[in-house]
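# Examining the three-dimensional arrangement
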Amino acid sequence: MSQPPVADGVLDVVLVDDHLMFRAGVKASLDGRIRIVGEADDVPSAIEAVRRLQPPVVILDVHLPGGDGGGGAEVIHRCADLLGTTRFLALSVSDAAEDVVAVIRAGARGYVTKAISGQDLSDAARRVAGGDAVFSPRLAGFVLDAFGAAAGDVATGDDELDRLSAREREVMRLIARGYSYREVASELFISIKTVETHVSAVLRKLQLSSRHELTRWAAARRLL
Amino acid sequence: MPGAPGAPVRLPLRRPTRGRWVGGVCTGLAIHLGAPVAVVRALFVLLTLIGAVGVGLYVFFWVTVPVGDPAAVAAQERPAALTRIAPRLRAPDRKVPLTDIGLGLLLLVAAGLLVAVRAGARVDYSWVVPTLILLVGTGLAWSQLDAVQRDRWLSVAGGRTPVSVIRLAGGLVLVGLGVVLLVGQREPIDALVRSAVAALAVLVGVALVLAPWWLRLVRELGDERAARARESERADIAAHLHDSVLQTLALIRARAGDADDVARLARAQERELRAWLYDERTTAGTSLAAELRDVVAEVEDRFAVAVETVVVGDCVPENGAEALLQATREALLNAARHGRPPLSLYLECTPDQVEVFVRDRGDGFDLDEVPADRFGVRESIVGRMRRRGGTATVRSRPGQGTEVHLCLPRNPRTHDEGTPR
């Protein structure tokens, strides 16, 4: 299952966004080791392109027209059987937590805003392709909020899905404060690999947790 | 974020279509009360064991509580000026009411069996089952009261939609069967002695069936009025947006030569538009986060920088909040003046304290080397926080930027409604 997603150093990516200008801008700004193999501009065409090309990474806009109105989350839902080999990186202009968490819970491995630089987006795509999670400061803030971590509600066991561990909370707080993975690592005296492990663990909790506040919060916004 | 701290959002009582087992009563109650669905269901089962109270209650709620998505209803009840305008992502809906179809089929089969039994051997309990069928058939017809009006494919021509027609027809057939079976109890099937009575009974049944339809029409009228009111509110907002955007564009055109001005205008407009589209707004004076965003907006406009703002939790601004905001503003100004973008701002409200982190990616500086007469950091940040019982620490390392950490303990009196541990 762990076939190298990056063959000959170039990562194949499908780009989904409903604005032609934005797609052109992204294409021009990505670095040379990312290759756009397909594009789509609404939900049905995105599903079709992803199924046909089965790329290692899909850069996916959260707000997409078409389909049942589920936007990016719907695309991921309909391609759920490909999640083992195809990773989704969500891209949004809105930065509203409810939109972001909808795509994350659907199965996206990361989330970035459209203000991101081309270099950072390329790095994020590679990180997602390697199986890691990409958290923006805003998403980290949402996670802290939704898991009640700010109120000191901290997990004691490793296998708890509904609370963050003390270390995960520390990592999330630093990311929310604008620290890069590298800076988080040096701040906490741990390796970057360990930071990535923590972030992936948080992503898993965010996707799988049935934490009461989280489900209630999501239900209130029709995400479940 | 959902609501002000300490004030849990109570969603209105509706019977959601998703997650329901029978009529969505338990699910709706659970969402309304914020209790786990399993507990509510167990309670109803328990109540049913005690003299069938649970069933009665369930039927009562089924008939009286309208169907709807609690969250959607809550969103519609918020003043339009405070809600976000961009549509929310919709989770995939179950299109076919499988429970209803299953229930209806079951009933029809039972009715058919009964007819067969009547044609053949006569069973003693035959009057119990028809009564049940009659009741359930009536229930089915009444249940069209709840047909979700806002569903796209249901909103065709005054409720004359496939589902409600099928419901009505099914209900009619069942009621008719029940009545014939009941009335013709001791008679052979061909006996027409009581046909008049039977016809009358059928008519009563029909009236019973049609009543909810009429009721529904009345209710729809009210809904339509509410929808019109909402529509006009939305139009107001659209007009407002239109004006602000158009005005900014006109300004930009007028100053097309001045790149700084254009960038500033565009940024301010983008921020406003984004807030209108994607954020739920709060009423003034109830949210520290909202006031912090105002501070950020001021700094962004003045220095033409972007500040990545992350807020965790929120609280009503209380004693010392003003000082905290002023100190934050000062820290942001320093970061914009001396640091390099991107600037990051992090606010965290917990029951015990409010923390703010302001970070830039500049060269950093040595705090000890700042002359004592420089007012900026010492007085307007550290001193201001100390006077309010808070702390301020500045951490700056050459090459790694500067981070200002502000911490303000919260008034102990206001703790009681904080998040439970």
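The rules we used
Residues numbered from 1 in each chain as written. Chains lettered and ligands numbered in written order. Predicted model: local features only at pLDDT ≥ 70, side-chain atom pairs only at ≥ 80, totals over all residues. Helix = DSSP H or I, 4+ residues; strand = E, 2+ residues; numbered from the N terminus. Buried ≥ 20, exposed ≤ 12 C-beta atoms within 10 Å, placed from the backbone. Contact = placed C-beta atoms within 7 Å. Core = buried A, V, L, I, M, F, W, Y, C linked by C-beta atoms within 7 Å. Pairing = 2+ DSSP bridges. Axes fitted to C-alpha atoms, helices over the stretch in contact; angles between N-to-C directions. Expected span 1.5 Å × (residues − 1). Right-handed = clockwise from strand over helix to strand, strands pointing away.

Attention shifts here to the overall build of chain B. Looking only at helices and strands, chain B has 12 helices and five strands in total. Counting only residues that meet the buried cut, chain B has 25% of its 421 residues in that class. If you take every contact in chain B between residues at least 6 apart in sequence, the share linking residues at least 24 apart comes to 68%.

By size, the foremost hydrophobic cluster in this structure holds 100 residues, and its most contacted members are Leu89(A), Val100(A), Val103(A) and Ala125(A). By residue number, the principal contributor to this core is helix H4 (residues 97-106) of chain A, which donates seven residues. The next biggest cluster of nonpolar side chains, apart from the first, holds nine residues, and it includes Ala111(B), Ile133(B), Leu134(B) and Val175(B).

So, on to the sheet that holds strand E3 (residues 353-359) of chain B. Residue and element names in this part refer to chain B. Strands sit in the order E1-E2-E3-E5-E4 across an open sheet of five strands; the sheet is mixed. Among the strands making up the open sheet, the edge pair consists of strand E1 (307-312) and strand E4 (391-397). Going from strand to strand, the sheet's axes swing by 10 degrees on average, the running direction of each strand aside. Pairing analysis gives six bridges linking E1 to strand E2 (residues 343-349), with the strands arranged parallel. In the strand pairing of E2, valine 312 is matched with glutamate 348. Sheet strands touched by helix H10 (residues 288-303): E1, E2 and E3. Its angle to E1, the strand with the most contacts, is close to 175 degrees.

All names here are of chain A. Here we have five strands laid out as an open sheet, ordered E2-E1-E3-E4-E5, and parallel in their pairing. Strands with a single pairing partner mark the edges of an open sheet, and in this sheet they are strand E2 (34-40) and strand E5 (110-113). Going from strand to strand, the sheet's axes swing by 25 degrees on average, the running direction of each strand aside. The pairing of strand E3 (residues 57-61) with strand E4 (residues 87-92) spans five bridges and is classified as parallel. Bridge pairing in E4 places leucine 60 opposite alanine 90. Sheet strands in contact with helix H2 (residues 43-53) are strand E1 (11-16), E2 and E3, and its direction is about 135 degrees off that of E2. Packing against the sheet, H4 makes contact with E4 and E5, and its axis sits at approximately 170 degrees to E4.

Turning to H4(A), a few remarks are in order. Of all the 10 residues making up H4(A), 10 are buried; the element is thus mostly covered by neighbouring parts of the structure. Note on H4(A): the residue one or two positions beyond its end, Gly107(A), has a positive phi of about 135 degrees.

So, about the environment of Ala129(A). Mapping Ala129(A) onto the fold places it in helix H5 (residues 118-129). The class for Ala129(A) is buried, based on 22 C-beta atoms found within 10 Å.

Let us look at helix H2 (residues 37-49) of chain B. Between the first and last C-alpha of H2(B) there are 19 Å, a value that for 13 residues agrees with the 18 Å anticipated at 1.5 Å per step. Residue Gly51(B) follows H2(B) closely and has a positive phi angle near 60 degrees.

What follows covers the pairing of E2(A). All names here are of chain A. Judged from the six bridges that link them, E1 and E2 form a sheet pairing that is parallel. By the bridge assignment, aspartate 12 is partnered in E2 with arginine 35. Between the parallel elements E1 and E2, the chain passes through helix H1 (residues 20-29) in a crossover that is right-handed.

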